[in-house]
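Report on the structure
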Amino acid sequence: MSNETDSMLCLWVEPWGTDHWMRPGEEFSVVTETGPEESPFNVVVHAQGITVWVNSANSSEVFDKKGNPAPCGHQRPANAGF
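These notes cover the structure that comes with them. Fair warning: this is a prediction, and the values are worked out from it, not measured in the lab.

Most of strand S1 (residues 9-14) is tucked away: 6 of the 6 residues are buried. Burial of S1 is two-sided: the residues Leu9, Leu11 and Val13 facing one way and the residues Cys10, Trp12 and Glu14 facing the other way are all buried. Alignment of S1 against strand S2 (residues 18-22), held across 5 bridges, turns out to be antiparallel. The residue of S2 that forms the bridge with cysteine 10 is tryptophan 21. Here S1 folds back onto S2, and the loop between the two strands holds 3 residues, one of which, glycine 17, carries a positive phi near 70°. Across 5 bridges, the pairing between S1 and strand S5 (residues 49-54) is parallel.

Quick look at the structure:
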């Protein structure tokens, strides 16, 4: 997914509740290991950002466009309220 806005955008990954913040123009990928017959994600866009619900995996990882890990709290603004 990519942030095509002019401000920071939060990507939440559920059910773990991890937050990963994208600057304008950044792109992230959410990766899981699931079988080909399983639906790995549901994506919800809302006023606070984007939520990716992982449906059928025990874990997930978030990577930036260059393949670098973007762990929980990545680029979290100081005023995010966490």
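Scanning all chains against the criterion turns up 2 salt bridges. The residue arginine 76 makes a salt bridge to aspartate 19 at a minimum N-O spacing of 2.6 Å. With arginine 76 in the segment after strand S6 (61-64) and aspartate 19 in strand S2, this residue pair connects regions lying 57 residues apart in the sequence. On the basis of relative accessibility, which here comes to 1%, the residue aspartate 19 falls in the buried class. When the shortest N-O distance is used, the salt bridge between glutamate 27 and lysine 65 registers 3.9 Å. On the criterion of sequence distance, the pair formed by glutamate 27 in the loop between S2 and strand S3 (28-31) and lysine 65 in the segment after S6 is long-range, its members being 38 residues apart. Taking the relative accessible area as the measure of exposure, lysine 65 reaches 66% and is therefore exposed.

Rules behind the numbers
Residues numbered from 1 in each chain as written. Predicted model: local features only at pLDDT ≥ 70, side-chain atom pairs only at ≥ 80, totals over all residues. Heavy atoms only, no water. Buried < 20%, exposed > 50% of the residue type's maximum accessible area, 1.4 Å probe, protein only. Helix = DSSP H or I, 4+ residues; strand = E, 2+ residues; numbered from the N terminus. Pairing = 2+ DSSP bridges. Salt bridge = Lys/Arg side-chain N within 4 Å of Asp/Glu carboxyl O.

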